[in-house]
Amino acid sequence: ISIGAIFDDPISNIKQKLPPYTSHVVRDTSWYTYWEYHPDSGWYEIEEIDEIHWTGVILWDALTFDDWIFPDPTFNGLFPGMTDAEMKETFGITAEDWEREMRMEFE
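Reading guide: rules and limits
- Residue positions within a chain follow its written sequence, with the count starting from 1.
- Thresholds applied to this predicted model are a pLDDT of at least 70 for local features of residues and 80 or more for the giving and counting of side-chain atom pairs; totals over whole chains, interfaces and linings are not thresholded and use all residues.
- Side-chain measures here rest on the full set of heavy atoms in the structure, leaving out hydrogens and waters.
- For this analysis, a nonpolar core means a set of buried residues of the types Ala, Val, Leu, Ile, Met, Phe, Trp, Tyr and Cys, connected via side-chain atoms within 4.5 Å.
- Only protein chains enter the area calculation, which uses a 1.4 Å probe; residues under 20% of their type maximum are buried, those over 50% are exposed, and those in between are partly exposed.
- Any pair of residues with heavy atoms lying within 4.5 Å of one another is described as a contacting pair.
- Only Phe, Tyr and Trp rings take part, Trp by its six-membered ring, and two of them pair if their centres are within 6.5 Å. Stacked means planes under 30 degrees apart, edge-to-face means over 60, and tilted covers everything else.
- Cation placement over rings: the criterion is NZ of Lys or CZ of Arg within 6 Å of the ring centroid and within 35° of the ring normal.

Help me understand the nonpolar core in this model?
Inside soluble globular proteins, nonpolar side chains tend to come together where they are buried. Counting residues in each nonpolar core, the largest one holds 13 residues, and the members touching the most others are W60, W68, F70, F75, F79, M87 and W98. In this view, W98 contacts W60, A62, L63, T64, F65 and W68; residues no more than four positions away in its chain are not counted.

Laid out in structure tokens, this is it:
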């Protein structure tokens, strides 16, 4: 790792260093069910609406893991000589775990 690269050649747009993607935010309203017990009448089911969640969605342009490529895995020299394959291996990104859509929930 070359920490000096952060100062010598700062990254002005991190999006350009990641595989191409689009992103948007969706409003999710989810339902949940729980059971409540009343000794006099037994079990009964209650269904209520959960709170509203905002979810950030990243959709990678690549359709497959093999097509999902970091355009600059060195991140402007922060990781000198780093290749796409080494980047994925270093950070534990595998074809088995990769998904085209990534969701991040905000509360």
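Teacher, can you tell me more about the packing of aromatic side chains here?
The geometry of an aromatic ring pair is captured by the separation of the ring centres together with the interplanar angle, meaning the angle of the planes. In total, this model carries nine aromatic pairs according to the counting rule given. Summarising the aromatic geometry, the rings of W68 and F70 are spaced 5.2 Å apart at their centres and angled 65° between planes, so their arrangement reads as edge-to-face. What makes W68 buried here is its relative accessible area of 5%. With centroids separated by 6.1 Å and ring planes inclined at 85°, the aromatic side chains of F75 and F79 adopt a geometry described as edge-to-face. The class of F75 is buried, set by a relative accessible area of 11%. Residue classification places F79 among the buried residues on the basis of a relative accessible area of 16%. Feature note: the residues Y21, W60, F65, W68, F70, F75, F79, F91 and W98 constitute an aromatic cluster, connected by ring pairs. The cationic tip of K15 hangs over the ring face of Y21; the distance from NZ or CZ to the ring centre is 4.8 Å.

Note that all results are geometric; they support no functional claim without further evidence.
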